[in-house]
Amino acid sequence: MALVPPGEPKASRDANAPTGAGDANASGFDMSASDVGQKLTRLLLDKPEVPITLPKDMEKPAESAPLPAEGTMLVDRLCRLGSERDSYWLVLTFEPEPGRPAGQSTGGDEIERRVLPCELMEQMETLAARTPSTRFRMSGETTVFEGHAYVLPTKVTVLPHEALSAPAPAQPSPAETTNAASTPLGGPRPGKAPAAAGKPGELTSDDLLQALLSENAGRPIQTVPVLPDSPKPASVAPTGPGVLSAARGEMVADRLVRIVPDPQGRWWIAAFEADNTLQEPPMRLLPCAMLAKAKSLAGEARPGRMRIFRVSGKVTRYEGNRYLLLRKVIVELNLGQF
């Protein structure tokens, strides 16, 4: 063992000290038991995600259609009224338009829309409850709120129920019945040589033209003659499409309100400011992008204080309640005046 002078530093003495095989192994794997356990835990738990390979014959999940833009107008769309599952909303389901390809997109028109409460919705609900197969032609304004599309109907036409079934065949006249009995469809007509024989059951162009010309064009509408001195006949309810009537719209202009949730948590309501007598009850706010903006601004108020808004909008009525579709929302600034 080498002797180290007493004045020499300890590091020099350790460097001059001989090292064995065990010391060499300790310097190469300098980890405690806890460090080893943590490293093994990370290796076992922090595994890379294994990619999932789908079968070749498996269909890819259908991508959800994007929501329409706020304010998009629907014009004369064919639809039915139904109830949304696990919700209290009524929804409109759109049907393919005649003459439009089945897979053709119309920019979000096929998305089911929740119907905003109004007078027209109340009438549509009554008709759909009486006859679930009732179809409508609806025009309205689209709103968007919290990932859902809504529509406020502005014009609704009820389609006749006869249009849902196949049209009845026209009754042929006696003369046509006699001609049809004497001359079968596809056979030779009097005064004309028989056509050349073709495939079994195949009609010639002349036969098709004759069949089209012999079709009954339909019975004309019978009119009731009115003489000058005779009383007018009683009016008869029309059997064709009927247009639902809506009450004249009301407006709210530049009113100060507080926007708060109702006690049930289903609606946001506008409580009118400086109305201590409760002569003007709060109004439910219809879902729209303007309501989302007002809701966000109301949540940014300081604790213990509520923001006051100056709002304008359109008023609708449904089952005795009044609703407000916001058109303008401005935060009323508090300038500290008395």
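Only a predicted model underlies this, so the values are computations on that prediction, with no experimental measurement involved. (Residues numbered from 1 in each chain as written. Predicted model: local features only at pLDDT ≥ 70, side-chain atom pairs only at ≥ 80, totals over all residues. Heavy atoms only, no water.)

Asker: Is there a simple way to think about the confidence of the model for the protein in this case?
Answerer: Low-pLDDT portions of the prediction should not be read for the details of their coordinates. Taken residue by residue, the protein gives an average pLDDT of 73. The fraction at 70 or more is 56%. Contacts of residues 162-168 to residues separated by more than four positions or lying in other chains number 4 contacts, the stretch itself having pLDDT below 50. Overall, residues 180-195 carries pLDDT values under 50, and its contacts beyond four positions in sequence, including any with other chains, amount to 15 contacts. (pLDDT = per-residue confidence, 0-100. Contact = heavy atoms within 4.5 Å.)

Asker: Teacher, can you tell me more about the sheet that holds strand E11 (residues 321-331) here?
Answerer: Through backbone hydrogen bonds, the strands of a sheet pair up, either in parallel or in antiparallel fashion. With mixed pairing, the 5 strands of this closed barrel are ordered in space as E7-E8-E9-E11-E10. Across the sheet, the mean angle from the axis of one strand to that of its neighbour is 55°, orientation sign disregarded. In terms of strand pairing, strand E8 (residues 268-272) meets strand E9 (residues 283-285) through 3 bridges, oriented antiparallel. Its bridge partner lying in E9, tryptophan 268 is registered against leucine 285. Along the sheet, helix H7 (residues 289-299) makes contact with strand E7 (250-261), E8, E9, strand E10 (309-318) and E11, crossing E11 at roughly 65°. (Pairing = 2+ DSSP bridges. Helix = DSSP H or I, 4+ residues; strand = E, 2+ residues; numbered from the N terminus. Axes fitted to C-alpha atoms, helices over the stretch in contact; angles between N-to-C directions.)

Asker: I tried to follow the environment of valine 91 on my own but got confused; where do I start?
Answerer: Here valine 91 lies in strand E2 (residues 90-94). Remark: the alpha-carbon pair of valine 91 and leucine 116, spanning 25 residues in sequence, is separated by 9.2 Å. Those residues in contact with valine 91, other than ones at most four positions away along the chain, are Arg80, Leu81, Gly82, Ser83, Glu84, Glu112, Arg113, Arg114 and Val115.

Asker: Can you help me understand H7 in this one?
Answerer: Because each turn of an α-helix spans 3.6 residues, side chains separated by three or four positions in sequence point in the same direction. Every buried residue of H7 is accounted for by Leu291, Ala294 and Leu297. All buried residues of H7 project into a common sector of 125° when viewed along the axis, lining one side. In this structure, the buried side of H7 is in contact with strand E4 (136-145), E7, E8, E9, E10 and E11. (Buried < 20%, exposed > 50% of the residue type's maximum accessible area, 1.4 Å probe, protein only. Arc of directions from axis to C-beta.)

Asker: I would appreciate a short explanation of the pattern of salt bridges in the present structure.
Answerer: Within this structure, the stated rule accounts for 12 salt bridges. Among the ionic pairs, glutamate 273 bridges to arginine 258, the shortest N-O distance being 2.8 Å. Within this pair, whereas glutamate 273 is found in the loop between E8 and E9, its partner arginine 258 is found in strand E7, the two being separated by 15 residues in sequence. We classify glutamate 273 as partly exposed; its relative accessible area is 26%. By relative accessible area, arginine 258 is classed as partly exposed at 25%. Among the charged side chains, a salt-bridge network with shared partners connects Arg77, Glu97 and Arg137. (Salt bridge = Lys/Arg side-chain N within 4 Å of Asp/Glu carboxyl O.)

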